[in-house]
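A closer look at the structure
Letter by letter, the chains look like this.
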Amino acid sequence: MTLTPARVPGLRVRRLTSTLYGYAFLEDLVLLYPVYALLFSDAGLAVWQISSLFALWSLTAVLLEVPSGAWADAVSRRLLLWLGPLLTAAGFALWVLRPSYGAFALGFVLWGTGGALASGALEALVYDELEHLGAADRYARVMGRARAAGLIAVMAAMGLAGPVLALGGHTAVGAASVLVCLATAATATRFPEHRTPSAGHEGWTATLRAGLAEARADRSVRGALLLVPAVGAVWGALDEYTPLLVRETGVADAAVPYLLLLIWAGATAGSLLADRGERLGTRGLAALLAGAGLALAAGAATGSPAGLLLVALAFGGFQAATVLAGVRLQRRIEDSGRATLTSVAGLGTEVATITVYGGYALVAASGDHGTAFTVFALPYLMTAVLLVLLRPLRSGRRIP
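Description of the structure in this document. (Residues numbered from 1 in each chain as written. Predicted model: local features only at pLDDT ≥ 70, side-chain atom pairs only at ≥ 80, totals over all residues. Heavy atoms only, no water.)

**Some points on the overall build of the protein chain**
To keep things clear, this is the line we draw: Helix numbering and strand numbering both begin at the N terminus, where a helix is a DSSP run of H or I of at least 4 residues and a strand a DSSP run of E of at least 2. Any residue under 20% of the maximum accessible area for its type is buried, any over 50% is exposed, and the rest in between are partly exposed; the area is computed with a 1.4 Å probe on protein chains only. Whether two residues touch is decided by their heavy atoms; if any such pair falls within 4.5 Å, the residues are in contact. To be clear on the numbers: accessible area is Shrake-Rupley with a 1.4 Å probe, and residue cover counts the displayed protein chains and nothing else.
Tallying secondary structure elements over the protein chain gives 16 helices and 0 strands in all. Within the protein chain, buried positions represent 51% of all 400 residues. For the protein chain, long-range pairs separated by at least 24 residues make up 82% of all intrachain contacts whose partners lie at least 6 apart in sequence. Surface exposure of the protein chain reaches about 17,400 Å², of which carbon and sulfur atoms provide 66%.

Right, here's the structure in full:
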């Protein structure tokens, strides 16, 4: 059968998206996620040592986020997408082969480095390849489905970790996680990449300077950069505390995982529906954030299991808004600095998330988790108001 020219781009788009969905699923199908705190505790670590490991993990991501994005623009984005999971696999292998504080610390550095390499590079590669195929208008739908695949993988990992741990202990869970990372790296090699690296003779530092110069010169780019952490940081941090919020409703501990799945299902639905939100415009996005913020506050304030339905609805709205904020950013960036500026947005999200952790501890210390969740709905209401009051500043590009 002879393929017509019109069908060839469609086949290439399907290859790109199938690779992306597989990559996103495998990247989060890590059985160590739900049980690594148990591994650390069983190895004899104190709570302060475990907390210091989390801090080291975050610090690694903060320090490497922007340089890795510039490197992705200067060399090959696909290279970073398969190199990152290999570093993560090495870190997980260290954890189970040499369970000690030093090995855990080095493993977190490797994991944080691997995550930083993929951050920015993935979004940039997907957008540029879709644009190359004349399908950039599908970006919101594609990334929404990719995020949904990742969320489904997290839920699958939650379900599989217990049985695997019971059968083979931490060694089996670690081995499964290493194998998944290797499969992720292998999947990344299937990504197409048609762009020409922009390094020239000056290397990645020139790419970094060019990307930051674009943000300084274009107000719409700066606004899009700020919107990404404003939308994604708070609920991304609150997610870590959802088990405590669920337990506080009075349900038995055995029921906590099932109610968490309800919240994750809400976020997954938000991912799948994100592309429909492209028609909302700025005011519609503001309404989405305000509605999700109100749902979060109302659901958390009830202190009952029924209120978690509203929390799930809120997380769905936040997930959709996160995808839409990423779409806005990609449409404002020039190709040469796409991964760099996407990583700048990622850095902003990391820093804001760490700030939320600190603020949450202060609020929850004098109240309860329901109160803390309600308080942290306020930033979304403020962001919604600012989106309405501050008109998008045009810089020669169409503002959706």
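Next, the rest of the story.
**A closer look at a nonpolar patch on the surface**
We count it as follows: Each patch is built from residues lacking any salt bridge and having more than 30% relative accessible area; the joining distance is 9 Å for like charges and 5 Å for nonpolar side chains (Val, Leu, Ile, Met, Phe, Trp, Tyr). In what follows, salt bridge is the name for a side-chain nitrogen of Lys or Arg lying within 4 Å of a carboxyl oxygen of Asp or Glu.
Judged by side-chain polarity, Trp82, Leu86, Leu179 and Leu182 come together as a nonpolar surface patch covering roughly 350 Å² of accessible area. Residue assignment for the nonpolar patch shows that the elements contributing at least two residues are helix H4 (77–97) and helix H7 (139–188). Considering the arrangement of structural elements, one finds Leu179 in helix H7. Judged by its relative accessible area of 57%, Leu179 falls in the exposed class.

**Re helix H12 (residues 281–302)**
The cut-off we apply is this: Multiplying 1.5 Å by the residue count of a helix minus one yields the expected span of that helix.
Here H12 spans 32 Å end to end across 22 residues, near enough to the 32 Å set by a 1.5 Å rise per residue. Buried positions along H12 lie against helix H9 (219–238), helix H13 (307–332), helix H15 (369–375) and helix H16 (378–389). Directly beyond the C-terminal end of H12, a positive phi value near 70 degrees is found at Gly303.

**So, the nonpolar core**
Quick note on the threshold: We call a set of buried residues a nonpolar core when its members are Ala, Val, Leu, Ile, Met, Phe, Trp, Tyr or Cys and they connect through side-chain atoms within 4.5 Å of each other.
Judged by nonpolar contacts, the single largest core of 54 residues is most densely connected at Leu238, Val246, Leu296, Phe315, Phe318, Tyr360 and Phe373. Top element by residues in this core is H9. It accounts for 10 residues. With near-sequence residues (within four places) excluded, Phe315 lies in contact with Trp235, Leu238, Asp239, Thr242, Ile263, Ala267 and Leu296. With 33 residues, the next largest nonpolar core counts Val13, Tyr23, Ala136 and Ala140 among its residues.

**A word on the packing of aromatic side chains**
Rule in force here: To pair, rings of Phe, Tyr and Trp, with the six-membered ring standing in for Trp, must have centres within 6.5 Å; the planes then decide the type, stacked if under 30 degrees apart, edge-to-face if over 60, and tilted in the middle.
As enumerated under the stated definition, the model contains 26 aromatic pairs in all. Arranged with centres 5.6 Å apart and planes meeting at 65 degrees, the rings of Tyr23 and Phe191 form a pair that is edge-to-face. Here Phe191 lies in the loop between H7 and helix H8 (204–217) and Tyr23 lies in helix H1 (residues 7–28), a separation of 168 residues in the sequence. Neither residue differs from the other here; Tyr23 and Phe191 are each classed as buried. Here the aromatic rings of Tyr36 and Trp57 are separated by 6.4 Å at their centres, their planes lie at 85 degrees, and the arrangement is edge-to-face. You can see Tyr36 sitting in helix H2 (residues 36–42) and its partner Trp57 sitting in helix H3 (residues 47–74), a full 21 residues away along the chain. The exposure class of Trp57 is partly exposed, given its relative accessible area of 25%. A network of ring pairs unites the aromatic residues Tyr33, Tyr36, Phe40, Trp57, Phe92, Trp95, Phe104, Phe108 and Trp111 as a single cluster.

**Digging into the environment of Leu288**
Relative to the elements of secondary structure, Leu288 occurs in helix H12. In sequence terms Leu288 and Leu381 are 93 residues apart; their C-alpha atoms lie 9.9 Å from each other. Setting aside chain neighbours within four positions, we find Leu288 in contact with Gly317, Ala320, Ala321 and Leu324.

**Some details on the environment of Phe191**
Among the residues examined, Phe191 registers a relative accessible area of 0% and is labelled buried. Taking the C-alpha atoms as reference, Phe191 lies 6.4 Å from Thr19; in sequence the two are 172 residues apart. The contact partners of Phe191, leaving out residues within four places of it in the chain, are Leu16, Thr19, Leu20, Tyr23, Arg78, Leu81, Leu122 and Leu125.

**A closer look at the packing of helix H11 (residues 256–272) against H13**
In a pair of packed helices, the angle between the axes and the distance between the axes together describe the arrangement. Our working rule: Angles run from 0 to 180 degrees between N-to-C directions of axes, and those axes are lines fitted to C-alpha atoms, restricted for helices to the stretch in contact. Crossing handedness is defined as follows: a turn of the near helix away from the far one that is anticlockwise and smaller than a right angle gives a left-handed crossing, while the clockwise case is right-handed. Residues were grouped as follows: Ala, Val, Leu, Ile, Met, Phe, Trp, Tyr, Cys and Pro as nonpolar; Asp, Glu, Lys and Arg as charged; and all remaining residues, including Gly, as polar.
H13 packs onto H11 with a crossing angle of 30 degrees between their chain directions and a minimal axis gap of 7 Å. The chirality of how H11 crosses H13 is right-handed. Across from Leu259, Leu262, Ile263, Gly266, Ala267, Gly270 and Ser271 in H11, the residues of H13 making contact are Leu308, Leu309, Val311, Ala312, Phe315, Gly316, Gln319 and Ala320. Looking at side-chain class alone, the contact of H11 with H13 contains 10 nonpolar, 5 polar and no charged residues.

**A closer look at the pattern of salt bridges**
Once the charged atoms of two side chains with opposite charge are near each other, the side chains can pair. A full pass over the atoms with the stated rule returns 2 salt bridges. Ionic pairing is found between Arg77 and Asp128, a salt bridge with its closest N-O pair at 2.4 Å. Taken as a pair, Arg77 in helix H4 and Asp128 in helix H6 (residues 121–132) lie far apart in primary sequence, 51 residues in all. The exposure class of Arg77 is buried, given its relative accessible area of 0%. The partner of Arg141 in a salt bridge is Asp275, with the nearest N and O atoms 3.7 Å apart. Highlighted residues: Arg141 in helix H7 and Asp275 in the loop between H11 and H12, separated in sequence by 134 residues. Relative accessible area serves as the criterion here: at 39%, Arg141 is assigned to the partly exposed category. Overall, Asp275 belongs to the buried group, its relative accessible area being 19%.

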